[in-house]
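# Observations on chain architecture
What follows is each chain in one-letter form.
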Amino acid sequence: MAERIVIENCSIATVDADDTEYASGHVVIAGHRIEAVGAGRAPEGLENVIRRIDATGHLVTPGLVNTHHHYYQWITRGLATDHNLFNWLVALYPTWARIDEPMVRAAAQGSLAMMARGGVTTAMDHHYVYPKGSGDLSGAIVGVAREMGVRFTLARGSMDRSEKDGGLPPDFAVETLEGALAATEETVQQHHDASFDAMTQVAVAPCSPFSVSTELLKQGAELARRLGVRLHTHGSETVEEEQFCKELFGMGPTDYFESAGWLGEDVWMAHCVHMNDSDIDAFARTKTGVAHCPSSNARLAAGAARVPDMLAAGVPVGLGVDGTASNESGELHTELRNALLINRLGAHREAALNARQALRLGTYGGAQVLGRSAEIGSLEPGKLADLVLWNLDTLAHASIADPVAALVLGAAAPVTASFVNGRQIVEHNRLLTADEDAIARSTRQEAQRLARIAGQS
Ligand SMILES: [Zn+2]
């Protein structure tokens, strides 16, 4: 019989289809699944209860789901801080092209540790820089996620359009078309788990229109569909990208992606800032998902995505921190607030996005765009036990009337406990599955080593 953990006396935001909430309720975990959620105390007479948590003063929500990130950037934070996307990329590509396996491993540890201790239970990494001879970078990243016990999607990225082909990255930073496709297929074969409660999945993820050939996009889509995995890329991030697509392909990014087979319910795209009504309609019609990255879009002055319009049209939308070279904090719980604020500013409308919609973006919406909404993203019996206990009994939160408003609009709430697949991975804001101080030391060392190597070339 499965071991049970009972959590009681807490506020609960289930983020189910009806946005059911309980002012004081219980959650029962049985093994790696949620067995019960409801008002009041847990039912009497439950057998095999190994732990009972009195969560007075806490809000329990589904674990947060991050849908866009680049872990390697953890060791190039704080550089090119006043640049737009294209200038920032050109400034950083030469450094990024020097990464190796120990650097990528340390950067993944730093990124994932920061995510996990802030309530992320499902993470992802869009990794697209694979310098020749740099080692098994995908294996290193997947290994770190396994060690930390976080549910994980590796978006195996790639670039094959360099400066000589009109692209943005330098020639030495890209792979060949054939090399990228073969390595991506190998990564899917090695690491993708298609089962219901998978801890590791892989997506096919050529980087962007300005760093990838049309052929790699087309063949990448065919590969993903042959292997039964999802597709991810960057799209419609800046006006410069839109201009690039119009000049090179004679159409805007969304039409270009559609022509390459890149709209569909198995696709999710980061940013989608510069979308007109017909672009949003195309995403809604095809159920193409969006990873909304409000802080990164602000940091690079990309603009404000039209999330309220996307939601009204039925586009699946999740949240992303984006890489930490364009969002130094790398925390998803602060993105709930930023998503709300930026969408109200962008739309000039106080009702553009409310606190509950922001929480939904960071949980169920993320699960949708990763293709996992049947398993995670809401607290419902039968779903996987990925959930967070936010402490709202603090100086910062105790007098805020509404717990969901406290979580979204208040200061970043401390995480008393975070569970993934029924296993606790965070206690009182500290990771139980890794040594945070050792990670801080190794990320500093690897950042210094990368700066030294990049400075010599
Ligand atoms: Zn990105």
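These notes cover the structure that comes with them. This structure is a prediction, so every number in the text was calculated from the model and none was measured.

All right, on to the coordination of the zinc ion then. The coordination sphere of the zinc ion contains the protein donors H68 (NE2), H70 (NE2), H234 (NE2) and D322 (OD), at a distance range of 2.1 to 2.3 Å. Coordination at the zinc ion comes from four donor atoms whose angles at the metal span 89 to 173 degrees, giving a geometry best classed as irregular. Within one chain, the residues donating to the zinc ion are spaced in sequence as H-x1-H-x163-H-x87-D. In this pair, H234 sits in strand 10 (residues 231–235) while D322 sits in the loop between strand 13 (317–319) and helix 11 (333–347), placing the two residues 88 residues apart along the sequence. By the burial criterion, H234 is buried, and D322 matches it.

Another point: the packing of helix 2 (residues 101–117) against helix 14 (residues 436–456). At their nearest, the axes of helix 2 and helix 14 sit 9 Å apart, and the two run at 140 degrees to each other. Between helix 2 and helix 14, the angle falls in the class oblique. For the pair helix 2 and helix 14, the crossing hand works out as left-handed. From helix 2, P102, M103, A106, Q109, G110, A113 and R117 reach across to helix 14, where they touch E436, I439, S442, T443, E446, R449, L450 and I453. Of the residues belonging to the contact of helix 2 with helix 14, the class tally is seven nonpolar, four polar and four charged.

Following the sequence through the fold, T254 ends up in helix 7 (residues 253–259). Since its relative accessible area comes to 2%, T254 is described here as buried. For the pair T254 and Y72, spaced 182 residues apart in sequence, the C-alpha to C-alpha distance is 28 Å. Apart from the residues lying within four places of it in its own chain, the contact partners of T254 are S236, L263, M275, D279, A282 and F283.

Right, let's talk about the pairing of strand 1 (residues 4–13) for a bit. Across a regular strand the side chains alternate sides, sitting on one face of the sheet and then on the other. Where burial is concerned, most of strand 1 is hidden: nine out of the 10 residues are buried. Where strand 1 and strand 4 (residues 49–54) come together, five bridges link them in parallel fashion. Each residue of the ladder has a partner; that of E8, found in strand 4, is D54.

To continue, consider the packing of helix 2 against helix 3 (residues 137–148). Between helix 2 and helix 3, the least distance of the axes is 9 Å, while the angle of their chain directions is 35 degrees. By crossing handedness, the relation of helix 2 to helix 3 is classed as right-handed. Contacts from E101, V104, R105, A108, Q109, L112 and A113 in helix 2 reach L137, A140, I141, V144, A145, E147 and M148 in helix 3.

Let us look at helix 11. Between its terminal C-alpha atoms helix 11 stretches 22 Å, which fits the 21 Å expected from 15 residues at 1.5 Å a residue. For helix 11, every residue scored as buried is listed here: H333, E335, L336, A339, L340, I342 and N343. One or two residues past the end of helix 11 sits H348, with phi positive at roughly 50 degrees.

Between its first and last C-alpha, helix 12 (residues 355–369) extends 20 Å over 15 residues, near the 21 Å set by a 1.5 Å rise per residue. At L361, helix 12 is bent by approximately 45 degrees, the largest bend along its length. Measuring from the backbone nitrogen of R356 back to the side-chain oxygen at the start of helix 12 gives 3.0 Å, which picks out N354 as the cap. Once helix 12 finishes, G371 follows within two positions and takes phi at roughly 75 degrees, a positive value.

Let us now look at the side chain of T238. Mapped onto the elements, T238 comes out in the loop between strand 10 and helix 6 (239–249). Not counting the four nearest positions on each side in its chain, T238 is found in contact with L85, F86, H274 and A302.

This next bit is on unusual backbone geometry. Within the chain, N421 stands out as a residue other than glycine whose phi angle is a positive 55 degrees. The residue N421 is located in the loop between strand 15 (415–420) and strand 16 (423–427) in this model.

What counts, and at which threshold
- Residues numbered from 1 in each chain as written.
- Predicted model: local features only at pLDDT ≥ 70, side-chain atom pairs only at ≥ 80, totals over all residues.
- Heavy atoms only, no water.
- Donors = N, O, S within 2.8 Å, 3.2 Å for Na, K, Ca; no water.
- Tetrahedral: all angles 85-135°; square planar, octahedral: opposite > 155°, others 65-115°.
- Helix = DSSP H or I, 4+ residues; strand = E, 2+ residues; numbered from the N terminus.
- Buried < 20%, exposed > 50% of the residue type's maximum accessible area, 1.4 Å probe, protein only.
- Axes fitted to C-alpha atoms, helices over the stretch in contact; angles between N-to-C directions.
- Parallel < 35°, antiparallel > 145°, perpendicular 65-115°, else oblique.
- Left-handed = near helix turned anticlockwise from the far one by under 90°.
- Contact = heavy atoms within 4.5 Å.
- Nonpolar A, V, L, I, M, F, W, Y, C, P; charged D, E, K, R; others polar.
- Pairing = 2+ DSSP bridges.
- Expected span 1.5 Å × (residues − 1).
- Bend = angle between axes of the 7 residues up to and from the residue.
- Polar contact = N/O pair within 3.5 Å; in protein donor to acceptor, adjacent residues only side chain to side chain.

Geometric values such as these leave the question of function open.
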